[in-house]
Amino acid sequence: GAPVGPCAGSCGTAIHRGEPVEVTDIATDPLWAPYTGLVLPLGLRACWSTPIKARDGRVIGAFAFYFTRPRHAQLLERQIVATCVHLCAIAIEHDEVRARNHRLAYFDTLTGLPNRSQFNSAIAEMSAAGGRFGLMLIDIDHLKLVNDTLGHAAGDALIAEVGARLDIALAGCLTCRIGGDEFAVLVRDCEGPARMRALASAALAAVAVPLDHDGHSIVPGVTIGGALAGEDGQDSVTLRQNADLALYHAKETRRGRYVRFRRQLRSAMMQRIRVRRDVDGALGDERIIPYYQPVIRLDTTEVVGVEALARMRLDDGRIVTAGEFQDALRDPKIAHRTTTQMLTAVAADMAEWRAGGLNFQHVAVNVTSADFQKGDLVQRASRILEKAGMPMQHLVVEVTEQVFMG
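We now turn to the structure provided with this report.

Reading the values: rules and limits
Residues numbered from 1 in each chain as written. Predicted model: local features only at pLDDT ≥ 70, side-chain atom pairs only at ≥ 80, totals over all residues. Heavy atoms only, no water. Disulfide = S-S within 2.5 Å. Patch = residues over 30% accessible without salt bridge, like charges linked within 9 Å, V, L, I, M, F, W, Y side chains within 5 Å. Areas by Shrake-Rupley, 256 points an atom, 1.4 Å probe, with all protein chains shown as cover. Salt bridge = Lys/Arg side-chain N within 4 Å of Asp/Glu carboxyl O. Helix = DSSP H or I, 4+ residues; strand = E, 2+ residues; numbered from the N terminus. Buried < 20%, exposed > 50% of the residue type's maximum accessible area, 1.4 Å probe, protein only. Phe/Tyr/Trp six-rings, centres within 6.5 Å; stacked < 30°, edge-to-face > 60°. Lys NZ or Arg CZ within 6 Å of the ring centre and 35° of its normal.

1. Observations regarding the state of the cysteines
1) Next: Considering all chains together, one arrives at zero disulfides under this definition.
2) Next: Of all cysteine sulfurs in the structure, the one in C47 sits closest to C11, which takes part in no disulfide; the separation is 4.9 Å.
3) Next: Sulfur of C176: no disulfide; nearest cysteine sulfur belongs to C173 and is 11 Å away.

2. As for a nonpolar patch on the surface
1) Next: Together, F372, V397, V399, F404 and M405 give the surface a local cluster of nonpolar side chains, amounting to about 570 Å² of exposed area.
2) Next: Looking at where M405 falls in the secondary structure, it is placed in helix α13 (residues 401-405).
3) Next: Given the relative accessible area of 69%, M405 is considered exposed.

3. Focus: the packing of aromatic side chains
1) Next: A complete count under the given rule lists five aromatic pairs for this structure.
2) Next: For the ring pair W32 and Y66, a centre distance of 6.3 Å and an interplane angle of 75° mean the geometry is edge-to-face. Residue W32 is located in the loop between β1 (21-23) and α2 (36-39), and its partner Y66 is located in strand β3 (residues 59-67); the two are separated by 34 residues in the primary sequence.
3) Next: Residues F63 and F65 carry aromatic rings whose centres are separated by 6.2 Å and whose planes lie at 75° to one another, so their mutual orientation is edge-to-face.
4) Next: Residue F65 is classed as partly exposed on the basis of its relative accessible area of 24%.
5) Next: Following the ring pairs from residue to residue traces out a cluster consisting of F63, F65 and F67.
6) Next: Positioned above the aromatic ring of W48, the side-chain terminus of R78 is 4.9 Å from the ring centre.
7) Next: Above the face of the F107 ring, R103 is positioned so that its terminal group lies 4.5 Å from the ring centre.

Structure follows, in structure tokens:
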């Protein structure tokens, strides 16, 4: 606890100067003036201190001989010190390396929180012990948007700040960073769902305080999925799967909130996976096709345009509406591919209509949030219509309320 400086005894001064300091009489030497009351009653009268240096020149400690009477160190004692200082440097550096390797293996470098490896060990131990505990999986909302607009330094600052806030708000729990924007929290001795809800509320409130980075104000947000050991899974694998299902459901339906696992979520998830697989196959076979709904002018009953509605033709020829595969369009890649396939089909139909002499003003096509997030909607539409030989003025882009909010 002593301040390092020119008046900190022999060892403090040796560390401060980076060179040996030999005090032959502690009682009279000014370096020891503030500390004589600590050492003289112990019968110590002289001290010779040598800094211990790492290979890179850093001072990492000090080695000292204390004597019971005022005197200089002898040649043999100097040789012993030189050997001991060398051995101490090796030992301390070895310990530093071991500590650094342990930290790299078990702690996240950005947040300082325990990492995935430590989380895996902890949840396995808790599951094996058979006690009641809770698991929360927490995702940072819109991290990609922060990275894309403000840069990865801002994204890293957001991750670090969210990690620090979670660690404070969830004191007593084990908070780990297990992925890019994902944290896991193990709630020890969790007595029930109410405890999980209270902790989740505390986490949501703590994270939501605005963060300033390089003159930009960022309002962090997280979404949380939770599961209770015993009720929601007997083993660590099942518990993690169910917490993940709850998180996925929360991100789709209650972003920025907490959702606890319910058994219905598993069947709903299996349905989403099946629909997503069906739509992915339909896109590969070009079975996502437009059906057209007329736009009619009321005073003349003239059809002035049409709206293109996405339909999926199944393998057996049956046609299903977009409402039946809406869940699949929550996947950004599938949504993006669906819009591209619809634009391509619509452009081909418009070219055929014009060649056949059909008069129409416009065709409206619904687009998705993913089309705006990708950022290439104008270029795609322009390229597709140009290839079909159709002017852009015939295309109307429709944005639903949900897409607008997204």
